[in-house]
Amino acid sequence: MLSSRRQFLATTATVAAIPILAGWSDSTRVAMVAADKSWRGYADTTVIDALGGPGQYGADPALPLTPKMLDDIRLSGLSAVNLTVSGVGSYSQDYDKSIANIAYWNDQIAAHPDRLMLIRSATDIASAKASNRLGLIYGFQDTTPLFEDEKRLEQFDQLGVRVIQLTYNIRNLVGDGCTEPGDAGLSRYGRRLVGQINERGMLIDLSHSGRRTALEAIAASSKPVAITHTGCAALTDLPRNKTDAELKALADKGGVAGIYLMPFLRK
């Protein structure tokens, strides 16, 4: 359970879409450091990647982390990362895959306790920072693994999942995703689930949500929520991007948004 939602949000005020340096050449890293030797990097800053993960993009997620990947974790300077552990497929497959993903990352943490740490609370983020480890914040990018089983939310809470994204691009039992033309908003089940997530001290994520879903979830939530990876519709009107109305409602509720670096999302 998060010891303090306000504390968590204050900690994540520096959320940024900063990729781990996997795949970058040594010369690139040196050039970045040499650009301003007076800047101490992330030494005195808590930096949380709002959506990412250890390893190289596109690498087989079932393989153990390599020595180079482990070095890149340390070089990145990140304090913690919102790591997607939810599965993708059908409702039944999503549940099984999510369990398998959590087991994989638990194994990686156990194998590399000097580099990785599971984050269950805001104080854990400070501990990860102090011990020079990367904190893994287990997160869902869809609620399909939960189906309509309230016991599954409890189970995943106990397994360490701290972030629940309500929808992906399409419609699910909770509400509409950003590519649904009907933009129907939250379902009755979705409203119940918002309350249950609040009660457990987990963080609601509205990335990929439809616009009505986002506004209704912000209003329904008794606690601040997040939009961990998005862009601004006022600048580029894409389904994944949030309108000024959504961003203002988020801010008024005390929430936080992370801006993604997604060069393939363009008109």
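Residues numbered from 1 in each chain as written. Predicted model: local features only at pLDDT ≥ 70, side-chain atom pairs only at ≥ 80, totals over all residues. Heavy atoms only, no water.

Before we move on, can you summarise the overall build of the chain with the specific residues and values?
A tally of regular secondary structure across the chain gives nine helices and eight strands. For the chain, long-range pairs separated by at least 24 residues make up 69% of all intrachain contacts whose partners lie at least 6 apart in sequence. Accessible area for the chain stands at about 12700 Å²; split by element, carbon and sulfur atoms hold 57% of it. (Helix = DSSP H or I, 4+ residues; strand = E, 2+ residues; numbered from the N terminus. Contact = heavy atoms within 4.5 Å. Areas by Shrake-Rupley, 256 points an atom, 1.4 Å probe, with all protein chains shown as cover.)

Tell me what's going on with the pattern of salt bridges, and back it up with residues and numbers.
Enumeration over the complete set of coordinates arrives at 13 salt bridges. Residues Arg115 and Asp71 are paired through a salt bridge, measuring 3.8 Å at the closest nitrogen-oxygen approach. Pair noted here: Arg115 is in the loop between α4 (91–111) and β3 (116–118) and Asp71 is in helix α3 (residues 67–76), with a separation of 44 residues, a long-range link. Relative accessible area serves as the criterion here: at 42%, Asp71 is assigned to the partly exposed category. The salt bridge involving Glu216 is made with Arg191; its shortest N-O contact spans 3.3 Å. Of this pair, Glu216 sits in helix α8 (residues 211–220) while Arg191 sits in helix α7 (residues 188–199); the two residues are 25 residues apart in sequence, bridging distant segments of the chain. Glu216 sits in the buried class, given a relative accessible area of 16%. (Salt bridge = Lys/Arg side-chain N within 4 Å of Asp/Glu carboxyl O. Buried < 20%, exposed > 50% of the residue type's maximum accessible area, 1.4 Å probe, protein only.)

I'd like to hear about the pairing of strand β8 (residues 256–259), residue by residue, with values.
Because side chains alternate across β8, one face comprises the buried residues Val256 and Gly258, and the other comprises Ala257 and Ile259, none of which is buried. Summarising the sheet, strand β7 (residues 226–230) and β8 pair through three bridges and their orientation is parallel. Residue pairing for β8: Ile227 is matched across the bridge by Ala257. Handedness of the crossover is the feature at issue here: the chain leaves β7, passes through helix α9 (residues 244–252), returns alongside β8, and the resulting connection is right-handed. (Pairing = 2+ DSSP bridges. Right-handed = clockwise from strand over helix to strand, strands pointing away.)

Give a description of the packing of aromatic side chains that names residues and reports values.
What the rule picks out here adds up to three aromatic pairs. Relative to Trp105, the ring of Tyr104 has its centre 5.0 Å away and its plane inclined at 85°; by these criteria the two rings are edge-to-face. What makes Tyr104 buried here is its relative accessible area of 15%. When the ring of Phe140 is compared with that of Phe156, the centres are 4.9 Å apart and the planes differ by 75°; the resulting orientation is edge-to-face. You can see Phe140 sitting in strand β4 (residues 134–140) and its partner Phe156 sitting in helix α6 (residues 150–158), a full 16 residues away along the chain. The pair formed by Phe140 and Phe156 is uniform in burial state, with each residue classed as buried. Positioned above the aromatic ring of Tyr95, the side-chain terminus of Arg152 is 4.1 Å from the ring centre. (Phe/Tyr/Trp six-rings, centres within 6.5 Å; stacked < 30°, edge-to-face > 60°. Lys NZ or Arg CZ within 6 Å of the ring centre and 35° of its normal.)

Mind laying out the nonpolar core, listing which residues take part and the relevant values?
Counting 41 residues, the largest nonpolar core has Leu136, Tyr138, Val161, Leu166 and Leu206 as its most contacted members. If one sorts the elements of this core by residue count, α4 sits on top with five residues. Beyond its immediate chain neighbours, meaning those up to four positions away, Val161 contacts Val85, Ile102, Tyr138, Gly139, Phe140, Phe156 and Met202. Among the nonpolar cores identified, the runner-up in size contains 11 residues, and Ala80, Met117, Leu203 and Ala226 belong to it. (Core = buried A, V, L, I, M, F, W, Y, C linked by side-chain atoms within 4.5 Å.)

Go over the packing of α8 against α9, please, and point to the residues and values.
It is the contact of α8 with α9, at a shortest axis distance of 10 Å, that shows an interaxial angle of 15°. In terms of orientation, α8 and α9 fall into the roughly parallel class. Between α8 and α9 the crossing geometry is left-handed. Listed contacts from α9 to Arg211, Ala214, Leu215 and Ile218 of α8 are Ala245, Glu246, Ala249 and Leu250. Broken down by class, the residue content of the contact of α8 with α9 amounts to six nonpolar, no polar and two charged. (Axes fitted to C-alpha atoms, helices over the stretch in contact; angles between N-to-C directions. Parallel < 35°, antiparallel > 145°, perpendicular 65-115°, else oblique. Left-handed = near helix turned anticlockwise from the far one by under 90°. Nonpolar A, V, L, I, M, F, W, Y, C, P; charged D, E, K, R; others polar.)

So, unusual backbone geometry: which residues are in play, and what are the values?
Unusually for a residue other than glycine, Asn132 sits at a positive phi of about 60°. Among the secondary structure elements, Asn132 is positioned in the loop between α5 (122–130) and β4. In this structure, His208 is a non-glycine residue whose phi angle is positive, near 70°. Examined against the element boundaries, His208 turns out to sit in the loop between β6 (203–205) and α8. Owing to a relative accessible area of 1%, His208 belongs among the buried residues under this scheme.

So what about α5? Which residues, and what values?
Three or more residues of α5 are buried, namely Ala122, Asp124, Ile125 and Ala128. The buried residues of α5 occupy an angular sector of 155° when projected down its axis, which confines them to one face. Note on α5: the residue one or two positions beyond its end, Asn132, has a positive phi of about 60°. (Arc of directions from axis to C-beta.)

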